[in-house]
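Chain residues, written in single-letter form:
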Amino acid sequence: MEPFQIHAVVQTTALLFFLLGIYYARRHKRRWHHFFVYSAVGLLTIGVAYMLYIVGGVPSIHGKFGLFVYLYVLFAAMSGRLFWGRKIKRNTHKLIALSAVLLLSLQILLALYLYVL
């Protein structure tokens, strides 16, 4: 299996975990929501670190946008901590988190367009 295929599987799995995290947040199952969100953040970290190691940097637009998306996803995960500490409202956290998942989806679609099609 090629390195980019491993990266793609890890990132897609992270997206699916985020979607499961959203599902469990809507069902008010906080323990499962946190499990899936933090697992997805861990998978994203592994996927990004793996590609940075293999490629040796961020030479492409996909890599640059990917680092931005990764940092934004980390911000979204931390916004959950802010929500839990009552620093921001629920709707603000929802907006940040949903936009992070949307950006990750767009990043995966960009990768499909650039490298598969």
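A few points on the structure. (Residues numbered from 1 in each chain as written. Predicted model: local features only at pLDDT ≥ 70, side-chain atom pairs only at ≥ 80, totals over all residues. Heavy atoms only, no water.)

The next subject is the packing of helix 2 (residues 30-55) against helix 3 (residues 61-84). Where helix 2 contacts helix 3, the two axes come as close as 11 Å, and the packing angle between them is 155°. It follows from the interaxial angle that helix 2 and helix 3 lie roughly antiparallel. Crossing angle aside, the handedness with which helix 2 passes helix 3 is left-handed. For the pair formed by helix 2 and helix 3, the contact residues are R30, Y38, V41, L44, T45, V48 and L52 on the first element and L67, Y70, V73, L74, A77, R81 and W84 on the second. (Axes fitted to C-alpha atoms, helices over the stretch in contact; angles between N-to-C directions. Helix = DSSP H or I, 4+ residues; strand = E, 2+ residues; numbered from the N terminus. Parallel < 35°, antiparallel > 145°, perpendicular 65-115°, else oblique. Left-handed = near helix turned anticlockwise from the far one by under 90°. Contact = heavy atoms within 4.5 Å.)

Time to look at the packing of helix 1 (residues 3-26) against helix 2. At a minimum axis distance of 8 Å, the contact between helix 1 and helix 2 shows a crossing angle of 160°. In terms of axis orientation, helix 1 runs roughly antiparallel to helix 2. As for how helix 1 packs across helix 2, the hand of that crossing is left-handed. Residue composition of the contact of helix 1 with helix 2, by class: 22 nonpolar, seven polar and no charged. (Nonpolar A, V, L, I, M, F, W, Y, C, P; charged D, E, K, R; others polar.)

Taking 1.5 Å per residue as the helical rise, helix 3 with its 24 residues ought to reach 34 Å, and the 35 Å between its terminal C-alpha atoms agrees with that figure. If you check which residues of helix 3 are buried, you get H62, G63, G66, V69, Y70, V73, A76, A77, S79 and G80. On its buried side, helix 3 packs onto helix 1, helix 2 and helix 4 (90-116). Phi turns positive, to about 60°, at R86, one or two residues after helix 3. (Expected span 1.5 Å × (residues − 1). Buried < 20%, exposed > 50% of the residue type's maximum accessible area, 1.4 Å probe, protein only.)

This paragraph deals with the environment of V10. When you line up the elements, V10 lands in helix 1. Separated by 107 residues in the primary sequence, V10 and L117 have C-alpha atoms spaced 20 Å apart. Dropping the residues within four chain positions of it, V10 is found in contact with L43 and G47.

L15, F18, V41, L44, V69, V73 and L104 are the most contacted members of the largest nonpolar core, which totals 19 residues. Only helix 1, helix 2, helix 3 and helix 4 provide two or more residues apiece to this core. At six residues, the largest contribution of residues to this core is made by helix 4. Dropping the residues within four chain positions of it, V73 is found in contact with F18, V41, L44 and A100. (Core = buried A, V, L, I, M, F, W, Y, C linked by side-chain atoms within 4.5 Å.)

Bringing helix 4 into the picture now. Here helix 4 spans 38 Å end to end across 27 residues, near enough to the 39 Å set by a 1.5 Å rise per residue. Buried-residue contacts for helix 4 involve helix 1, helix 2 and helix 3.

Scanning all chains against the criterion turns up ten aromatic pairs. An angle of 85° between the planes, with centres 5.4 Å apart, marks the rings of F17 and F36 as edge-to-face. Of this pair, F17 sits in helix 1 while F36 sits in helix 2, and the two are 19 residues apart along the sequence. Their ring planes at 75° and their centres at 5.1 Å tell us that F35 and F36 sit as a pair that is edge-to-face. Judged by its relative accessible area of 11%, F36 is buried. (Phe/Tyr/Trp six-rings, centres within 6.5 Å; stacked < 30°, edge-to-face > 60°.)

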